[in-house]
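Chain and residue survey
Now for the letters of each chain:
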Amino acid sequence: MKKTPLSLTIFLLLAAAPLSLARLGETLNECKTRYGSATGQNGDDEFIFSRDHTVITVHLRANRSVREDFGPEAGGVFSEAQVSAILEENAEGSAWEIIGDSPTMITYFRKDGRAGAQRAKEGSELTGRGAVVIVKYTVGAASE
């Protein structure tokens, strides 16, 4: 069995790091570790981060992320792969299914019943701040 050099392993881990997105349930400190310092804050429970041309707004309850809003930087758009990565990073071992499809958005629900997501269709936004994907815990999961 051929051993992988340590330097190659470290390189591969660092190369994959930009793909790492926020996850529901993380603490504020875990979000800061993932993204660096917040670039803005709204009240005591909403923190804004910017990483890899994506603006992420993390909503906290009891110091745990219960909702994340993702939007491309001004002028950008998310690819199908980026949307899939956001959903996958927040699947917590479950799968997402589409439960609604309107002219402006697609609605998903996680099969374990603990989270939902919305995705704006091209030319639409979900928030006044340009979010095009929102993932959030259900009320029951957010209260745990």
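Residues numbered from 1 in each chain as written. Predicted model: local features only at pLDDT ≥ 70, side-chain atom pairs only at ≥ 80, totals over all residues. Heavy atoms only, no water.

1. A few points about unusual backbone geometry
Only a minority of non-glycine residues have a phi that is not negative, and only a minority of peptide bonds are not trans. Positive phi outside glycine occurs at asparagine 63, with the angle close to 60°. Position of asparagine 63 among the secondary structure elements: in the loop between strand 3 (54-61) and strand 4 (64-72). Positive phi, close to 50°, is recorded for glutamate 92, a residue that is not glycine. On the accessibility criterion, glutamate 92 (41% relative accessible area) is partly exposed. (Helix = DSSP H or I, 4+ residues; strand = E, 2+ residues; numbered from the N terminus. Buried < 20%, exposed > 50% of the residue type's maximum accessible area, 1.4 Å probe, protein only.)

2. Regarding the sheet that holds strand 3
A sheet is described by the order of its strands in space; here eight strands give the open sequence 1-2-3-4-8-7-6-5, paired in antiparallel fashion. Lying at the two open borders of the sheet, with one neighbouring strand each, are strand 1 (40-42) and strand 5 (96-101). On average, each strand axis in the sheet is inclined to that of its neighbour by 20°, with strand direction left out of account. When strand 2 (residues 46-51) meets strand 3, the two strands line up antiparallel, connected through six bridges. For phenylalanine 49, the partnering residue across the bridge sits in strand 3 and is isoleucine 56. Contacting strand 2, strand 3 and strand 4, helix 2 (residues 28-35) crosses the sheet at an angle of about 15° to strand 2. Relative to the sheet, helix 3 (residues 80-89) contacts strand 4, strand 5, strand 6 (105-110), strand 7 (115-120) and strand 8 (133-137), its axis offset from that of strand 8 by approximately 10°. (Pairing = 2+ DSSP bridges. Axes fitted to C-alpha atoms, helices over the stretch in contact; angles between N-to-C directions. Contact = heavy atoms within 4.5 Å.)

3. A few points about the layout of surface pockets
Volume-wise, the largest pocket comes out at about 370 Å³. In terms of lining residues, the largest pocket is bounded by 20 residues, among which Val77, Phe78, Glu122, Gly123 and Val132 are the most central. Going through the elements one at a time, helix 3 and strand 7 are the ones with two or more residues in the lining of the largest pocket. Classifying every residue of the lining of the largest pocket gives nine nonpolar, five polar and six charged. (1 Å grid on protein atoms, 1.4 Å probe; cavity = no way out; pocket = protein on both sides within 12 Å on 5 of 7 lines; lining within 4 Å. Points joined across faces, edges and corners; volume = space filled by probe spheres on them. Nonpolar A, V, L, I, M, F, W, Y, C, P; charged D, E, K, R; others polar.)

4. Structural notes on the pairing of strand 6
Alternating positions in strand 6 separate cleanly, Ile106, Tyr108 and Arg110 being buried on one face and Met105, Thr107 and Phe109 remaining unburied on the opposite face. Relative to strand 7, strand 6 runs antiparallel, the two being bridged by five bridges. Counted as the bridge partner of tyrosine 108 is alanine 117 from strand 7. In textbook terms, the turn of a hairpin is the stretch between consecutive antiparallel strands, and for strand 6 and strand 7 this stretch comprises four residues, one of which, glycine 113, has a positive phi near 80°.

5. Some points on the side chain of threonine 54
Note that threonine 54 resides in strand 3. Judged by relative accessible area, threonine 54 falls into the buried class, the value being 6%.

6. Section: the side chain of aspartate 69
By the secondary structure assignment, aspartate 69 is in strand 4. On the basis of relative accessible area, aspartate 69 is assigned to the buried category, the value being 4%. Of note is the side chain of aspartate 69, whose polar atom sits 3.1 Å from the side chain of histidine 59. Once residues lying within four places of it in the same chain are set aside, the contact partners of aspartate 69 are Val55, Ile56, Thr57, His59, Thr127, Ala131, Val133 and Ile134. (Polar contact = N/O pair within 3.5 Å; in protein donor to acceptor, adjacent residues only side chain to side chain.)

7. Quick notes on helix 2
Leu28, Cys31, Arg34 and Tyr35 are the residues of helix 2 that are buried. Looking straight down helix 2, one finds its buried side chains confined to an arc of 120°; they lie on one side. Exposed and oriented more than 90 degrees from the buried face of helix 2 are Asn29 and Thr33. Those residues of helix 2 that are buried lie in contact with strand 2, strand 3 and strand 4. Backbone geometry just downstream of helix 2 places glycine 36 in the positive-phi region, at approximately 95°. (Arc of directions from axis to C-beta.)

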